[in-house]
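Below, each chain spelled out in residue letters.
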Amino acid sequence: MSTATAIAHPNIALVKYWGKSDATLNLPETGSLSLTLDVFPTTTTVTLDDALTADTLELDGLPAAGTPLDRVRRFLDLVRAQAGVATHARVVSRNTVPTGAGLASSASGFAALAAAASAAYGLPTDTVSLSRLARRGSGSASRSVLPALAVWHEGDDATSYAEPVTGPEIAMVVATVDAGPKAVSSREAMRRSAATSPYYPAWVTSTRETLEVALEACADDDFTALGRLAETNALRMHAAIQGCEPPVRYLAPASVALFDRVAALRAEGVDVWGTADAGPNVVAVCRPADAGRVADALADLAPVTVALPGPGVRLVEGAE
Ligand code: PMV
């Protein structure tokens with residue numbers, strides 16, 4: 001019986017992915033740039049089993065049904081089609097990311113699943129192949145295949161994958177405002193943004209420009225420029241989202257308070273910038289040497305976790 005286990009970590013985008021040019025192939029409208037973290041890993045085991053008539057999924061010790069199971073089955077259908085193998089699989093996944101709270105559990109989840117399924121079904125496990133495959137499960141998962149800073153290119157099915165980027169030393173302080181699942185999935189809110197937000201075209205144009213400048217900031221080892229671009233880009237994403245009909249708003253009062261606290265720290269001379277994904281949690285982007293001070297300054301507003309650059313996806317020995 002063929003089995004494989006992989007571990008992947010979430011990533012937080014400094015230049016966000018928000019919107020698709022192809023929903024089936026999960027191609028992004030623009031490129032994006034992120035940092036893979038060293039916290040909240042997902043460990044996933046895929047075991048082929050001839051006795052199964054459908055794939056099964058165990059998530060954090062419980063049998064999963066509904067959307068998570070459907071997404072895993074669709075993903076494994078793709079893997080089977082590529083591998084030319086019909087056998088179904090048992091998938092056992094353990095997440096330490098609060099699932100669905102905008103902390104990219106889908107990124108670590110589909111990066112780990114792509115690696116474990118590729119190994120178990122005999123597909124290539126090089127970084128480019130895994131990044132392209134992980135992209136099909138969840139766009140941001142293409143970046144969690146890579147360690148630390150990674151750029152995910154817009155392009156076609158063959159060319160849209162993530163690659164490593166060299167840049168400044170970065171820490172991230174994750175402030176968890178709400179660990180519950182979000183009301184509107186990023187998939188639906190992205191679709192709604194593109195279909196209804198009058199700000200969406202401006203989001204796409206400005207993000208393409210921002211990515212170019214952000215990559216220059218990385219090449220120049222310029223933390224301050226990168227941090228400022230990241231905060232601007234995150235707020236622009238939320239502005240585009242807030243143009244949706246029917247409305248979607250991810251930032252909560254506590255999120256805004258965290259952005260204010262980050263700005264107050266900046267006024268005190270700390271080089272720190274805020275970002276937020278499709279949820280209320282705020283991530284403070286700072287230099288590693290400032291992470292303790294930033295964490296202390298945010299801790300009365302929300303529980304905080306200090307993260308540093310983390311590893312890319314890796315296959316590990318071991319059973320479920
Ligand atoms: O990969 P998805 O479909 O969960 O979308 C992620 C979108 C954001 O987290 C909001 C931005 C990003 O680039 O990660």
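Residues numbered from 1 in each chain as written. Predicted model: local features only at pLDDT ≥ 70, side-chain atom pairs only at ≥ 80, totals over all residues. Heavy atoms only, no water.

**Concerning the site of the ligand**
Taken together, 14 residues sit near the ligand, with Tyr 17, Ser 106, Ser 138, Ser 140 and Arg 143 positioned nearest. A distance of 2.8 Å separates an oxygen atom of the ligand from a polar atom in the backbone of Tyr 17. Gly 139 is positioned such that a nitrogen or oxygen atom in its backbone is 3.4 Å from an oxygen atom of the ligand. Protein burial of the ligand: of its 380 Å² of free accessible surface, 93% is covered by the chains. Of the residues assigned to the shell around the ligand, the class counts are 6 nonpolar, 5 polar and 3 charged. (Near = heavy atom within 4 Å. Polar contact = N/O pair within 3.5 Å; in protein donor to acceptor, adjacent residues only side chain to side chain. Areas by Shrake-Rupley, 256 points an atom, 1.4 Å probe, with all protein chains shown as cover. Nonpolar A, V, L, I, M, F, W, Y, C, P; charged D, E, K, R; others polar.)

**Details of the packing of aromatic side chains**
All chains considered together, the criterion is met by 2 aromatic pairs. Consider the rings of Tyr 17 and Trp 152, whose centres lie 4.7 Å apart with planes at 70 degrees: the pair is edge-to-face. With a gap of 135 residues between them, Tyr 17 in the loop between strand E2 (11–15) and strand E3 (20–22) and Trp 152 in strand E10 (residues 149–152) connect regions that are remote in the sequence. (Phe/Tyr/Trp six-rings, centres within 6.5 Å; stacked < 30°, edge-to-face > 60°. Helix = DSSP H or I, 4+ residues; strand = E, 2+ residues; numbered from the N terminus.)

**Comments concerning the sheet that holds E10**
The strand order E2-E5-E10-E11 describes an open sheet built from 4 strands, whose pairing is antiparallel. Looking at strand neighbours, the two that pair on one side only are E2 and strand E11 (162–164), the edges of this open sheet. On average, each strand axis in the sheet is tilted by 35 degrees relative to the strand beside it, whichever way the strands run. Two strands pair when backbone bridges link them, and E10 and E11 are joined in this way by 3 bridges, in the antiparallel orientation. Bridging across to E11, Ala 150 finds its partner in Pro 164. Contacts from helix H6 (residues 200–219) reach E2, strand E5 (32–36) and E10, with the element oriented near 50 degrees to E5. (Pairing = 2+ DSSP bridges. Axes fitted to C-alpha atoms, helices over the stretch in contact; angles between N-to-C directions. Contact = heavy atoms within 4.5 Å.)

**Some points on the sheet that holds strand E12 (residues 171–175)**
With respect to topology, 4 strands assemble into an open sheet ordered E13-E14-E12-E15, the strand pairing being antiparallel. One side of each edge strand has no neighbouring strand; the edge strands of this open sheet are strand E13 (272–275) and strand E15 (304–307). Ignoring strand direction, the axes of neighbouring strands in this sheet form an average angle of 25 degrees. Across 5 bridges, E12 lies against strand E14 (residues 282–286) in antiparallel orientation. If you follow Val 174 over to E14, its bridge partner there is Val 283. Across the sheet, helix H7 (residues 223–241) is in contact with E13 and E14; its angle to E13 comes to roughly 25 degrees.

**Description of the nonpolar core**
Within the largest apolar cluster, 51 residues are counted, with the highest numbers of intra-cluster contacts made by Trp 18, Val 46, Leu 76, Leu 113, Tyr 121 and Tyr 250. Top contributing element to this core by residue count: helix H2 (residues 105–121), with 10 residues. Beyond its immediate sequence surroundings of up to four residues, Leu 113 is in contact with Thr 44, Val 46, Val 72, Phe 75, Leu 76, Val 91 and Ser 118. Counting 27 residues, the second largest nonpolar core, distinct from the first, contains Leu 37, Phe 40, Ala 214 and Ala 230. (Core = buried A, V, L, I, M, F, W, Y, C linked by side-chain atoms within 4.5 Å. Buried < 20%, exposed > 50% of the residue type's maximum accessible area, 1.4 Å probe, protein only.)

**Observations concerning the pairing of E2**
Residues in a regular strand project their side chains so that they alternate between the two faces of the sheet. The element E2 is extensively covered by neighbouring structure, given that 5 of its 5 residues are classed as buried. Sheet analysis places E2 next to E5, joined by 4 bridges and oriented antiparallel. Looking at E5, one finds that Ala 13 is bridged to Ser 34.

**Description of the state of the cysteines**
One pass over the full model with this rule turns up 0 disulfides. Cys 218 supplies the cysteine sulfur nearest to Cys 286, a cysteine that is in no disulfide, at a spacing of 16 Å. (Disulfide = S-S within 2.5 Å.)

**Thoughts on the pattern of salt bridges**
Oppositely charged side chains are able to pair whenever their charged atoms sit close together. Under the definition given, this model contains 13 salt bridges. Salt-bridge contacts for Lys 16 lead to Asp 277; the nearest nitrogen and oxygen are separated by 2.5 Å. Taken together, the positions of Lys 16 in the loop between E2 and E3 and Asp 277 in the loop between E13 and E14 put the pair 261 residues apart, joining distant regions of the chain. Given a relative accessible area of 2%, Lys 16 falls into the buried group. Note on Asp 277: relative accessible area 17%, which makes it buried. The salt bridge involving Asp 77 is made with Arg 80; its shortest N-O contact spans 2.9 Å. One end of the pair, Asp 77, and the other, Arg 80, are both in helix H1 (residues 66–83), 3 residues apart, so they sit about a helical turn from each other. Through salt bridges with shared partners, a single ionic network connects Asp 55, Asp 77 and Arg 80. (Salt bridge = Lys/Arg side-chain N within 4 Å of Asp/Glu carboxyl O.)

**Points about the packing of H6 against H7**
The contact between H6 and H7 brings their axes to 10 Å, and the two run at 165 degrees. Here H7 runs roughly antiparallel to H6, going by the angle between their axes. Helix-helix and strand crossings are classified by hand; for H6 and H7 the assignment is left-handed. Residue-level contacts link Trp 203, Ser 206, Thr 207, Thr 210, Val 213, Ala 214, Ala 217 and Cys 218 of H6 to Ala 225, Leu 226, Leu 229, Asn 233, Arg 236, Met 237 and Ala 240 of H7. (Parallel < 35°, antiparallel > 145°, perpendicular 65-115°, else oblique. Left-handed = near helix turned anticlockwise from the far one by under 90°.)

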